[in-house]
Amino acid sequence: LLKQAPAKILAIINSEYARMLNIKSMMEKGMNDTAIATALGMHSFAVGKRMPTVRKYKMEELKKCLNQGIQADHSYKSGNISDRMALEILLVELTQ
């Protein structure tokens, strides 16, 4: 991962938060890991591994993290900042 381009790392982080948000939403609807995996096109093992982490977050926290990632991505893609700077800012925001 450390040898990947900052833009790719940013995309991976955003993708993971989007997955966790979807999993959280479905968990709150009472769906089990198999049903969630089917709905998201993932393996149930992968969903099951994420569930303990997802349980630690509130829905609003996941939305905030994803929005921060989207803003960082937008700032980079609109040319306001470099991909490296966007990633560094996002990492600082996510760890506060």
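Our subject in this report is the structure included herewith. If you're wondering where the values come from, they're calculated on a predicted model, not measured in any experiment.

### Overview of the pattern of salt bridges
Argument step 1. Within this structure, the stated rule accounts for five salt bridges.
Argument step 2. The residue D73 makes a salt bridge to K77 at a minimum N-O spacing of 3.1 Å. Here D73 pairs with K77, and both are found in helix α4 (residues 59-77), just four residues apart, close to one helical turn.
Argument step 3. Assessed through its relative accessible area of 18%, D73 is described here as buried.
Argument step 4. Across the pair E88 and R84 runs a salt bridge whose closest N-O atoms are separated by 3.1 Å. Taken together, the residues E88 and R84, both in helix α5 (residues 83-94) and four residues apart, mark about one turn of the helix.
Argument step 5. Classification of E88 as partly exposed rests on a relative accessible area of 35%.
Argument step 6. On the basis of relative accessible area, R84 is assigned to the exposed category, the value being 53%.

### A look at the nonpolar core
Argument step 1. In terms of nonpolar packing, the biggest core is built from 23 residues, with I13, Y17, I23, M27, I36, V47 and M51 touching the most fellow members.
Argument step 2. Those elements giving two or more residues to this core turn out to be α1 (6-28), α2 (33-40), α3 (44-55), α4 and α5.
Argument step 3. Top element by residues in this core is α1. It accounts for nine residues.
Argument step 4. With sequence-adjacent residues up to four places away left out, M51 is seen in contact with I23, M27, D33 and I36.

What counts, and where the lines are drawn
- Counting restarts for each chain: residues are numbered from 1 in the order of the written sequence.
- The predicted nature of this model means local features are confined to residues of pLDDT at least 70 and side-chain atom pairs, given and counted, to a pLDDT of 80 or more, with totals for whole chains, interfaces and linings taken over all residues.
- The side-chain values count all of the structure's non-hydrogen atoms but skip hydrogen atoms and water molecules.
- One side-chain nitrogen of Lys or Arg within 4 Å of one carboxyl oxygen of Asp or Glu is enough to make a salt bridge.
- The way it works is that DSSP assigns letters per residue, a run of H or I at least four long becomes a helix, a run of E at least two long becomes a strand, and they are numbered from the N terminus.
- Working definition: with a 1.4 Å probe on protein chains only, accessible area under 20% of the residue-type maximum means buried, over 50% means exposed, and in between means partly exposed.
- Take the buried residues of types Ala, Val, Leu, Ile, Met, Phe, Trp, Tyr and Cys, join any two whose side-chain atoms come within 4.5 Å, and each joined set is a nonpolar core.
- When checking whether two residues touch, look at their non-hydrogen atoms; a contact exists if any pair is within 4.5 Å.

These figures come from the coordinates and say nothing about function on their own.
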